Amino acid sequence: MSLRQACAVFNISTSVFYYRAKRRDDTEVIEQLSKLAGLHRTWGFWMMYHRLRKLQYMWNHKRVYRIYTAMRLNLRNKRKKR
């Protein structure tokens, strides 16, 4: 069976078969997040994200959050004691 026929059976385009995702280099984001995490241990994601914006880094918040969670910088939720 040819590639074209197989793609027709699965109802996909042949370009989908040949597509290869290009991963961006995240080293600069990792570097900046680790600097901020070292300086400000109590800052959460949004504080760090807004600080990066003020420093003229215009990265998408979804990309920064993906890297933030991969670095395990998430802060635990502190519950109020009654």
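Our structure's up above, just so we're on the same page.
Chemist: Honestly, the overall build of the protein in this entry has me stumped. Any pointers?
Modeler: If you tally the helices and strands in the protein, you get 5 helices and 0 strands. Each helix and strand of the protein, ordered N terminal to C terminal, gives the series α-α-α-α-α. Relative to its length of 82 residues, the protein is extended, with a C-alpha radius of gyration of 20 Å against a globular reference of 12 Å. Across its three principal directions, the C-alpha atoms of the protein cover 65 × 40 × 15 Å. The 82 residues of the protein split such that 21% are buried. Taking contacts inside the protein between residues at least 6 apart in sequence as the whole, the part at least 24 apart equals 47%. Here the protein contributes 20 positively and 4 negatively charged side chains, and the mean placements of these two sets differ by 15 Å.

Chemist: So what exactly am I meant to see when it comes to the pattern of salt bridges here?
Modeler: Any two side chains of opposite charge can pair, so long as their charged atoms come close to each other. Going through the model one piece at a time under the given rule, you end up with 3 salt bridges. In this structure, Arg63 engages Asp26 in a salt bridge whose closest nitrogen and oxygen atoms are separated by 2.9 Å. Placement of the pair is Arg63 in helix α5 (residues 61–70) and Asp26 in the loop between α2 (14–18) and α3 (27–39), with a sequence separation of 37 residues. Across the pair, exposure class does not vary: Arg63 and Asp26 are buried alike. Here the salt bridges share partners, and the residues they tie into one network are Asp26, Arg63 and Arg66.

Chemist: Mind showing me how you'd approach the packing of aromatic side chains here?
Modeler: Here the distance between the centres and the angle between the planes together describe a pair of aromatic rings. Under the criterion given, the structure shown has 8 aromatic pairs. Where Phe17 meets Tyr18, the ring centres are 5.3 Å apart and the plane angle is 80 degrees; that geometry is what we call edge-to-face. On the numbers, 5.0 Å between centres and 80 degrees between planes, the contact of Phe45 with Tyr65 is edge-to-face. With Phe45 in helix α4 (residues 45–54) and Tyr65 in helix α5, this pair connects stretches of sequence that are 20 residues apart. Look at Phe45 and you get buried, because its relative accessible area is 8%. Members of the aromatic cluster, connected to one another through ring pairs, are Phe45, Trp46, Tyr49, Tyr65 and Tyr68.

Definitions and limits used
- Just so you know, the residues in each chain are numbered from 1, in the order the chain's sequence is written.
- Residues qualify for local features only when their pLDDT is at least 70, as the model is predicted, and side-chain atom pairs are given and counted only at 80 or more; totals for whole chains, interfaces and linings, by contrast, use all residues.
- Each side-chain value is worked out from all heavy atoms of the structure, with water and hydrogens disregarded.
- Elements are defined by DSSP. Helices are runs of H or I of four residues or more, strands are runs of E of two residues or more, and each kind is numbered from the N terminus.
- The atom set for the radius of gyration is the C-alpha atoms, and the globule formula is 2.2 Å times the number of residues raised to the power 0.38.
- Only protein chains enter the accessibility calculation, which uses a 1.4 Å probe. A residue is then buried if its area is under 20% of the maximum for its type, exposed if over 50%, and partly exposed in between.
- Contacts: residue pairs with any heavy atoms within 4.5 Å of one another.
- Lys and Arg are tallied as positive, Asp and Glu as negative. Neither His nor the chain termini are counted.
- Here the site of a charge means atom NZ of a Lys, CZ of an Arg, CG of an Asp or CD of a Glu.
- The salt bridge definition used is simple: a Lys or Arg side-chain nitrogen within 4 Å of an Asp or Glu carboxyl oxygen.
- Aromatic rings from Phe, Tyr and Trp, with only the six-membered ring used for Trp, were paired whenever their centres fell within 6.5 Å, and each pair was classed as stacked if the ring planes differed by under 30 degrees, edge-to-face if by over 60, and tilted otherwise.

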